[in-house]
Amino acid sequence: MAALPIQIDRTSPVPLYHQLAEQLTAAITDGTLRPGDPFENEIAMSDRLNLSRPTVRRAISELVNKGLLVRRRGIGTTVANQMVHRKAELTSLYDDLEREGRTPRTEVLSLNCAAHDDRAAAALGLPSGTPLVAIVRLRYAGDVPLAIMRNWLPPAMDDLTHEQLTAEGLYAVLRARGIRPTVARQRIGARNASAEERRTLHMSKAEPLVTMTRSAYDADGSAVEFGDHCYRADQYSVEVVVSDR
């Protein structure tokens, strides 16, 4: 494979491994590196960029942990297939659909800036009874209703508008305010749809829902969002990469 043009700024406060990981991630997500492409080995990259092997190893490990790269014995490191990329990254469904060319569209079903929910408050690290911003949205992929998304945000977000939530994904709204979800804990499950959910998502009684609850945190470890979503199982799936290393 051709060597990627990597620029490392040694005067920057950003750690060297993170600079490298960010540029490698960009090369994969923008298509410079394609699924299945072989990846430059650790020693060659260390020598070429004049970086220590632990620095390069840490950057590559980050991409492996994200599901962007796969290590295989006897083959080496290669770029993971495209379906994995959506699962591995901490993005909103809006970002995922937009990247896949599926034309995301949002209908805001409700926006309550003084909601009370003890489970959500606990997930956000707030006392019981704290008034939260509660949002319920219906997400479409093109003309197909795909998901009902229920989210709770800290009270500082009480100036959110229907227009903002309709125009773009929730994480884009948060990033525009300087809030960057960095890591999340999420749980995937399945259940039967309620009658209301079936009507909203245009489902038959026999069709199941994929469910996901997520608590997202910023780089300081502060909770920034709690979500409880359900998806049409015929339109949404969860894929992971597993490896013996």
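Model, not experiment: these values are computed from the prediction.

A.B. asks: Please explain the overall build of the protein as it appears in this structure.
C.D. replies: Along the backbone of the protein there are 9 helices and 8 strands. Looking at the 245 residues of the protein, the share that counts as buried comes to 44%. In the protein, the proportion of contacts linking residues at least 24 apart, taken out of those at least 6 apart, comes to 57%. Of the roughly 12900 Å² of accessible surface on the protein, 49% is carried by carbon and sulfur atoms.

A.B. asks: Whenever I open this one, the confidence of the model for the protein confuses me. Can you help?
C.D. replies: Predicted coordinates in regions of low pLDDT should not be interpreted in detail. Model confidence for the protein is summarised by a mean pLDDT of 85, while 90% of its residues fall at 70 or above. Here residues 82–88 is modelled with pLDDT under 50, and outside its nearest four sequence neighbours on either side it reaches 24 contacts, counting other chains as well.

A.B. asks: Honestly, the packing of aromatic side chains in this entry has me stumped. Any pointers?
C.D. replies: Given two aromatic rings, their pairing is described by the distance between the two centres and the angle made by the two planes. Enumeration over the complete set of coordinates arrives at 1 aromatic pair. The cationic tip of arginine 58 hangs over the ring face of tyrosine 17; the distance from NZ or CZ to the ring centre is 3.7 Å.

A.B. asks: For this particular structure, what's the right way to read the packing of helix α2 (residues 42–49) against helix α3 (residues 53–66)?
C.D. replies: Relative placement of two packed helices is described by the angle separating their axes and the distance separating the axes. At a minimum axis distance of 9 Å, the contact between α2 and α3 shows a crossing angle of 120°. The orientation of α2 with respect to α3, classified from their angle, is oblique. As α2 runs across α3, the sense of the crossing is right-handed. Facing α2, whose interface residues are Glu42, Ile43, Met45 and Ser46, α3 presents Arg53, Val56, Arg57 and Ile60. Here the residues of the contact of α2 with α3 sort into 4 nonpolar, 1 polar and 3 charged.

A.B. asks: Looking at this structure, how should I read the side chain of threonine 78?
C.D. replies: As for its position among the elements, threonine 78 is in strand β2 (residues 76–79). Contact partners of threonine 78, with chain neighbours within four places excluded, come to Gly36, Asp37, Pro38, Phe39, Leu68, Leu69, Val70 and Arg72.

A.B. asks: Mind showing me how you'd approach unusual backbone geometry here?
C.D. replies: Leaving glycine aside, a negative phi is the common case for residues, and trans is the common case for peptide bonds. Positive phi, close to 55°, is recorded for asparagine 50, a residue that is not glycine. As for its position among the elements, asparagine 50 is in the loop between α2 and α3. The class of asparagine 50 is exposed, set by a relative accessible area of 63%. Phi at histidine 202 takes a positive value of approximately 60°, unusual for a residue other than glycine. Residue classification places histidine 202 among the exposed positions, given a relative accessible area of 56%.

A.B. asks: How do you make sense of the sheet that holds strand β7 (residues 208–217) when you look at a structure like this?
C.D. replies: Hydrogen bonds between backbone atoms are what pair the strands of a sheet, whose relative direction is either parallel or antiparallel. The strand order β3-β4-β5-β8-β7-β6 describes an open sheet built from 6 strands, whose pairing is antiparallel. The sheet terminates laterally at β3 (104–115) and β6 (183–192), the two strands that pair on one side only. Each adjacent strand pair in this sheet contributes to an overall mean axis angle of 15°, direction not counted.

A.B. asks: Quick question: what am I supposed to make of the nonpolar core here?
C.D. replies: Buried together is how nonpolar side chains tend to be arranged in soluble globular proteins. With 21 residues, the main nonpolar core has Leu20, Leu24 and Leu69 as its most contacted residues. With residues near it in sequence (within four places) discarded, leucine 69 still touches Ile28, Phe39, Ile60, Leu63, Val64, Thr77, Thr78, Val79 and Ala80. Listed in part, the 14 residues of the second largest apolar core include Val133, Leu170, Tyr171 and Ala216.

A.B. asks: I tried to follow the packing of helix α1 (residues 16–29) against α3 on my own but got confused; where do I start?
C.D. replies: Running from N to C, α1 and α3 cross one another at 45°; their axes reach a closest spacing of 8 Å. By the angle between their axes, α1 is oblique relative to α3. Relative to α3, the crossing made by α1 is right-handed. Each of Leu16, Tyr17, His18, Leu20, Ala21, Glu22, Leu24, Thr25 and Ile28 in α1 lies in contact with α3, whose residues at this interface are Thr55, Val56, Arg58, Ala59, Glu62, Leu63 and Lys66.

A.B. asks: Can you walk me through the environment of leucine 201 in this structure?
C.D. replies: Within the secondary structure layout, leucine 201 lies in helix α9 (residues 195–201). Given the relative accessible area of 0%, leucine 201 is considered buried. Separated by 54 residues in the primary sequence, leucine 201 and alanine 147 place their C-alpha atoms 7.1 Å from one another. Beyond its immediate sequence surroundings of up to four residues, leucine 201 is in contact with Leu138, Pro145, Leu146, Ala147, Ile148, Leu209 and Arg232.

A.B. asks: Just checking my understanding: could you explain the pairing of β2 for this structure?
C.D. replies: Look at any regular strand and the pattern is simple: side chains alternate between the two faces of the sheet. In this structure, strand β1 (residues 69–72) lies alongside β2, joined through 4 bridges in antiparallel fashion. Paired with valine 70 across the bridge in β2 is threonine 78. Between β1 and β2, which pair antiparallel one after the other, the connecting turn spans 3 residues, and glycine 74 there sits at a positive phi close to 85°.

Rules used throughout
- Residues numbered from 1 in each chain as written.
- Predicted model: local features only at pLDDT ≥ 70, side-chain atom pairs only at ≥ 80, totals over all residues.
- Heavy atoms only, no water.
- Helix = DSSP H or I, 4+ residues; strand = E, 2+ residues; numbered from the N terminus.
- Buried < 20%, exposed > 50% of the residue type's maximum accessible area, 1.4 Å probe, protein only.
- Contact = heavy atoms within 4.5 Å.
- Areas by Shrake-Rupley, 256 points an atom, 1.4 Å probe, with all protein chains shown as cover.
- pLDDT = per-residue confidence, 0-100.
- Phe/Tyr/Trp six-rings, centres within 6.5 Å; stacked < 30°, edge-to-face > 60°.
- Lys NZ or Arg CZ within 6 Å of the ring centre and 35° of its normal.
- Axes fitted to C-alpha atoms, helices over the stretch in contact; angles between N-to-C directions.
- Parallel < 35°, antiparallel > 145°, perpendicular 65-115°, else oblique.
- Left-handed = near helix turned anticlockwise from the far one by under 90°.
- Nonpolar A, V, L, I, M, F, W, Y, C, P; charged D, E, K, R; others polar.
- Pairing = 2+ DSSP bridges.
- Core = buried A, V, L, I, M, F, W, Y, C linked by side-chain atoms within 4.5 Å.

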